[in-house]
Amino acid sequence: MQAAIAGVSAGTGVTAEVLRETLDFVHGNGVAEHLFAVTSGLESVVVGEGEIAGQVRRSLEQARERGTTTPELERLFQRASQTSRGIKNRTGIGAAGRSLVRLALQLAETRIVDWATTRVLLVGTGRYAGAALAALRDLGVTDVRVYSPTGRAAKFAGSHGITPVAESAFAAEADRADLVLTCTTVEHHVVTAALLRAGAAAMTDVDAGGESAGSGRPTTHHRPRPAAQRRPRRHRGPRRRAARPRDHPHPRPARRAQCDE
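Asks: Lay out the overall build of the protein chain in plain terms, naming residues and giving numbers.
Replies: For the protein chain, the helix and strand inventory stands at 10 helices and five strands. In the protein chain, the share of contacts with a sequence separation of at least 24, taken over all contacts with a separation of at least 6, comes to 64%. Accessible area for the protein chain stands at about 15,000 Å²; split by element, carbon and sulfur atoms hold 53% of it.

Structural data, given as structure tokens:
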């Protein structure tokens, strides 16, 4: 067990002390039982989560590339994948397309008036982002912009028929959006209070003069929303959205829903 903890610590950068407090140790048949349960989505936050089987499959592929798998592990993982498909087919556990993405959107739906007129900022361009975009389109969303912390927004946008957001426009777009959905594996917060304040300030400059701060060129205003979706303005100070997640005791899930892969 100590050797396993040392290996995980060396590979992830997580200290051995933290790992000892958070890892569960299983051996023998318990290893197979745990793998089968995880692959089938039974250990997920959302029971029956569809993306987890793909994550397990990619873990096996990475092990092959690194030469850390064995014939026994290959057979075990293949049987786990077969078991996962069998459970979904016999029980219907995956019929609803369960995932963290769809759970996040269900939570946000309580604050959305009309998905068809909702402006969404998608952060991330990985597999979860693709699943998030599909879920949004199932709900009738048509206005989706994508930002990538790793610079892949243009490629993702081009292949999915949506609008990319440049680094320089990220803060303002975060302020404009009705919903910010983050699906990224970066190890730091992408949407922060400072970013939202900068976006609000940028939009205040646009509203006041029709130009971006320091740009020297005209900038278009964001489209007006239906009356039922317009945010109330504060009487004083820079224009901000009401009840931001970081300054309100009850966060609004419609402003940010996160599903980091």
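Asks: I'd love a proper account of the pairing of strand β2 (residues 143–147), names of residues and values included.
Replies: Summarising burial for β2: five of the five residues are buried, a large majority. Covered by surrounding structure in β2 are D143, R145 and Y147 together with V144 and V146, the residues of both alternating faces. Considered for its hand, the β-α-β crossover made up of strand β1 (residues 119–123), helix α7 (residues 127–138) and β2 is right-handed. Both β2 and strand β3 (residues 163–164) contribute to a ladder of two bridges, which runs parallel. When the sheet's bridge partners are listed, V146 is paired in β3 with P164. Considered for its hand, the β-α-β crossover made up of β2, helix α8 (residues 153–160) and β3 is right-handed.

Asks: Break down the packing of aromatic side chains for me, citing the residues and quoting the values.
Replies: Scanning all chains against the criterion turns up one aromatic pair. Both rings, one in Y147 and one in F170, keep their centres 3.8 Å apart while their planes meet at 10°; by these two values the pair is stacked. Taken as a pair, Y147 in strand β2 and F170 in helix α9 (residues 170–176) lie far apart in primary sequence, 23 residues in all. Across this residue pair, the class does not change: Y147 and F170 are buried.

Asks: Please set out the packing of helix α4 (residues 52–66) against helix α5 (residues 71–91) residue by residue, giving values where relevant.
Replies: The interhelical angle for the contact between α4 and α5, taken along N-to-C directions, is 165°, at an axis separation of 11 Å. By the angle between their axes, α4 is roughly antiparallel relative to α5. Crossing handedness for the pair α4 and α5: left-handed. Packed against α4, whose contacting residues are A53, V56, L60 and R64, the element α5 presents E74, F77, Q78 and S84 at the interface. Looking at the contact of α4 with α5, its residues break down into four nonpolar, two polar and two charged.

Asks: Which residues make up α5, and what are the values?
Replies: For an α-helix, the turn length of 3.6 residues means that residues three or four places apart are oriented alike. A rise of 1.5 Å per residue sets the reference length of α5, with its 21 residues, at 30 Å; its end C-alpha atoms lie 30 Å apart and thus fit the reference within 8%. Buried within α5 we find E74, F77, A80, S84, G86, I87 and K88. Looking at the buried residues of α5, the elements they touch are α3 (29–39) and α4.

Asks: Residue-level account of α4, with values.
Replies: Spanning 15 residues, α4 covers 21 Å between terminal C-alpha atoms, matching the ideal 21 Å at 1.5 Å per step. Burial in α4 covers these residues: I52, G54, V56, R58, L60 and A63. Buried-residue contacts for α4 involve α3, α5 and α7. Downstream of α4 by one or two residues, G67 has phi in the positive range, about 70°.

Asks: Describe the nonpolar core, listing the residues and the values that go with them.
Replies: Residues L105, W115, L122, L136, V144 and L181 are the most contacted members of the largest nonpolar core, which totals 24 residues. Sorting elements by how many residues they give to this core places α7 first, with six residues. Setting aside residues up to four positions removed in sequence, W115 forms contacts with L105, A108, E109, L136, L139, G140, V141 and L179. Ranked by size, the runner-up nonpolar core spans 13 residues in total, among them L121, F170, V190 and L196.

Quick notes on the rules
- Residues numbered from 1 in each chain as written.
- Predicted model: local features only at pLDDT ≥ 70, side-chain atom pairs only at ≥ 80, totals over all residues.
- Heavy atoms only, no water.
- Helix = DSSP H or I, 4+ residues; strand = E, 2+ residues; numbered from the N terminus.
- Contact = heavy atoms within 4.5 Å.
- Areas by Shrake-Rupley, 256 points an atom, 1.4 Å probe, with all protein chains shown as cover.
- Buried < 20%, exposed > 50% of the residue type's maximum accessible area, 1.4 Å probe, protein only.
- Right-handed = clockwise from strand over helix to strand, strands pointing away.
- Pairing = 2+ DSSP bridges.
- Phe/Tyr/Trp six-rings, centres within 6.5 Å; stacked < 30°, edge-to-face > 60°.
- Axes fitted to C-alpha atoms, helices over the stretch in contact; angles between N-to-C directions.
- Parallel < 35°, antiparallel > 145°, perpendicular 65-115°, else oblique.
- Left-handed = near helix turned anticlockwise from the far one by under 90°.
- Nonpolar A, V, L, I, M, F, W, Y, C, P; charged D, E, K, R; others polar.
- Expected span 1.5 Å × (residues − 1).
- Core = buried A, V, L, I, M, F, W, Y, C linked by side-chain atoms within 4.5 Å.

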